[in-house]
Amino acid sequence: MNRPVRTLSAPAAESPDDSAVTLDAPELWRVELQVAEAVGQLMEFWGFKRQMGRLWTVLFLSPDPLDVAALAERLQMSTSAVSLSLAELSTWGAVRKTWVTGERRDFYSVEPRVWRLVRQVVERRELVLIRDASETFAAADRALKELRSTGPSRSAIAFKRRRLAYLRALASVGDRMVRAFVAGKTVDPSELSSAEEQV
C-alpha cells in the first residue's frame, strides 16, 4: 500500500557547522519495523508470539495511542490478528486501552516499563512452573519411599531418591532466587553451588 510521504525535519542545528537532517515517513517506518522485528524475535524466544513483540514495539515507539486499523496497516497484519494479539498483550499488562477525545474507536497505549513486565511474567509463569515441578518431585519421593523392595531394586530406589533430593534442592533454590528477582532483591548464585554438592 502506498503511503503519503511527509517530511520530518530534525531540530534546529545547535551550531552553524551542523547540517539539517530530513527523514521521510517511509524511511522512519522502515527503521521502526527493524526494531519491531528484533523485539519480536526476542519475545518469540521467550515463548511468546512474534507478532506480540512487534505490536508492543510499534506502540512503544509511538508518541500517541494507536487504533487497530493503524497497527494493522503499519505491520501489514489483518485487523483480527491485531485484535487477538492485543488481547493477549493486555492479559500480561503490556498494553491497555486508552480513551482519545472525540473518538469512538478503541485506541491502545503501551506499558513502557520493560523491567516491570519482565518481573510480572517471571512471577506468573516461571515461578509457577518451578513450584509445580517441586510438588511433583516431592510426590515422586513419597511414592518411592512407600515401595517395599529388597536386593537390586532397593539399591535402585535409594539412588533415585538421592537424585530426587537433588532436584528438590535445586527447585527450592530456584524458587528463592526467582522470588528475590521479582522483589528486586539481590540474587545469590552461590546457593546453586551448594545444591550441586548433593549430586
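Residues numbered from 1 in each chain as written. Predicted model: local features only at pLDDT ≥ 70, side-chain atom pairs only at ≥ 80, totals over all residues. Heavy atoms only, no water.

1. Structural notes on the overall build of the protein chain
Within the protein chain, the secondary structure is distributed over seven helices and five strands. Beginning at the N terminus, the succession of helices and strands in the protein chain can be written as β-β-α-α-β-α-α-β-β-α-α-α. Relative to its 199 residues, the protein chain shows a buried fraction of 29%. Restricting the contact set of the protein chain to residue pairs at least 6 apart, pairs at least 24 apart contribute 51%. (Helix = DSSP H or I, 4+ residues; strand = E, 2+ residues; numbered from the N terminus. Buried < 20%, exposed > 50% of the residue type's maximum accessible area, 1.4 Å probe, protein only. Contact = heavy atoms within 4.5 Å.)

2. Brief notes about the side chain of Thr57
Here Thr57 is to be found in helix α2 (residues 50-60). Once residues within four sequence positions are removed from consideration, Thr57 is found in contact with Val35, Ala36 and Val39.

3. Points about the confidence of the model for the protein chain
When the pLDDT values of the protein chain are averaged, the result is 83; 81% of them are 70 or greater. When the criterion is pLDDT under 50, residues 1-21 qualifies, and its contacts beyond four places in sequence or with other chains add up to 20 contacts. (pLDDT = per-residue confidence, 0-100.)

4. Describing the pairing of strand β5 (residues 107-110)
Here β5 shows two buried faces, one formed by Phe107 and Ser109 and the other by Tyr108 and Val110. Strand direction decides the pairing type here: strand β3 (residues 66-67) and β5, joined by two bridges, are antiparallel. In the strand pairing of β5, Asp67 is matched with Phe107. Sheet topology places strand β4 (residues 95-98) next to β5; four bridges connect them, and they run antiparallel. (Pairing = 2+ DSSP bridges.)

5. Notes on the sheet that holds β3
Within the open sheet, the three strands sit side by side as β3-β5-β4. Their pairing is antiparallel. At either margin of the open sheet sits one strand with a lone partner, and together these are β3 and β4.

6. Describing the packing of aromatic side chains
Enumeration according to the criterion identifies four aromatic pairs in this entry. Both rings, one in Phe48 and one in Trp92, keep their centres 5.4 Å apart while their planes meet at 85°; by these two values the pair is edge-to-face. Remark: Trp92 occurs in the loop between α4 (79-91) and β4 and Phe48 occurs in the loop between α1 (25-45) and α2; sequence separation between them is 44 residues. In this structure, Phe48 and Trp92 share a single accessibility class: buried. Between the aromatic rings of Trp115 and Phe181, the centroid separation amounts to 5.0 Å while the plane-to-plane angle is 75°, which identifies the pairing as edge-to-face. Residue Trp115 is found in helix α5 (residues 114-146), and its partner Phe181 is found in helix α6 (residues 152-182); the two are separated by 66 residues along the sequence. Phe181 gets classed as partly exposed once you look at its relative accessible area, which sits at 25%. Grouped by ring-pair contacts, the aromatic residues Trp46, Phe48 and Trp92 constitute a single cluster. (Phe/Tyr/Trp six-rings, centres within 6.5 Å; stacked < 30°, edge-to-face > 60°.)

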